[in-house]
Amino acid sequence: MTRHISPYHAPDFYTDALAKGRHRDIVGGRWEETGRIQMGLLLGEGLRPDHHLLDIGAGALRLGCKAVPYLDQGHYWATDLSGALLRQGHRAEMEDPSRLAASQLIEDDNFNFPGVTDRITHAIAFAVFTHLPMNHLRRALIQTRARFPQLEKLLFTVFLAPDAAASLEPVRQPDGVVTHDTRAPYHMLAEDVVHLTRVSGFTPDLRAARLPRGQALIVATPN
């Protein structure tokens, strides 16, 4: 049996899920709760309506349906592996779809951020690197730092293993999710995450509190 990087990379995953009307389910469930948490994190880090927000791995716009009404029009951008999922979120979840141009929903499978404005001041990648190997985090950090000169803060989440020895085995996270070192959902070592963030041009702040499903939050400030 072929093992893919994550379930999201399996052939026809999005086609099948969207055909069944599961655009909320496939981004992890807890739709309303998680969207509120994401928005609260950004507000807690000083997001204002005049800021420009990039939602990396935005999925079906779980955050977007809350951020777009708050931000000045045109100040929200979303990227995801699946353009179809972004478009379904735009159709189904936006109270006023006219406030978000379709051109600001960007299909992006390698963190190149094609077509995204360089005016981004805040970016968030919530439950993205929990489903990707560590090299994807490295690439995303380097690309984000290089592409957005006005960036003030990047927020992202990971699963952590308690130590190097434990990282080689499955780890049960505080909220019950079991994570792994070589298959999704992935865990990493805190030391590795901090190191990657620093060498990519950021000052990392690894928060002690755990988010839903045991995710750890890192707030990265460009140097």
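What comes next concerns the included structure.

Considerations on the packing of aromatic side chains
Centre-to-centre distance and the angle between the planes together describe a pair of aromatic rings.
Next, step 1: Tallying each qualifying case throughout the model produces four aromatic pairs.
Next, step 2: Ring geometry for Phe 111 versus Phe 129: centroids 5.8 Å apart, planes at 40°, classification tilted. On the criterion of sequence distance, the pair formed by Phe 111 in the loop between β3 (105-107) and β4 (122-125) and Phe 129 in the loop between β4 and α5 (134-147) is long-range, its members being 18 residues apart. For the residue pair Phe 111 and Phe 129, the accessibility class agrees, reading buried in each case.
Next, step 3: Ring geometry for Phe 129 against Phe 156: centres 6.0 Å apart, planes inclined by 90°, an arrangement best described as edge-to-face. Of this pair, Phe 129 sits in the loop between β4 and α5 while Phe 156 sits in strand β5 (residues 153-161), and the two are 27 residues apart along the sequence.
Next, step 4: The structure contains a cluster of three or more aromatic residues connected by ring pairs, namely Phe 111, Phe 113, Phe 129, Phe 148 and Phe 156.

Concerning the environment of Glu 95
Next, step 1: With respect to the helices, strands and loops of the structure, Glu 95 is situated in the loop between α4 (83-93) and β3.
Next, step 2: When the C-alpha positions of Glu 95 and Gly 74 are compared, they lie 15 Å apart, and in sequence the two are 21 residues distant.

Thoughts on the pairing of β5
Next, step 1: Within β5, eight of the nine residues are buried, which leaves the element mostly enclosed by the surrounding structure.
Next, step 2: Bridging between β4 and β5 involves four bridges; their strand directions are parallel. The partner of Ala 123 across the bridge, within β5, is Leu 154.
Next, step 3: Note: β5 against strand β10 (residues 216-222), five bridges, orientation antiparallel. Each residue of the ladder has a partner; that of Leu 154, found in β10, is Ala 220.
Next, step 4: Pairing between β5 and strand β8 (residues 187-189): three bridges, direction parallel. Residue pairing in the sheet places Phe 159 in a bridge with His 187 of β8.

The rules behind each value
- Residues numbered from 1 in each chain as written.
- Predicted model: local features only at pLDDT ≥ 70, side-chain atom pairs only at ≥ 80, totals over all residues.
- Heavy atoms only, no water.
- Phe/Tyr/Trp six-rings, centres within 6.5 Å; stacked < 30°, edge-to-face > 60°.
- Helix = DSSP H or I, 4+ residues; strand = E, 2+ residues; numbered from the N terminus.
- Buried < 20%, exposed > 50% of the residue type's maximum accessible area, 1.4 Å probe, protein only.
- Pairing = 2+ DSSP bridges.

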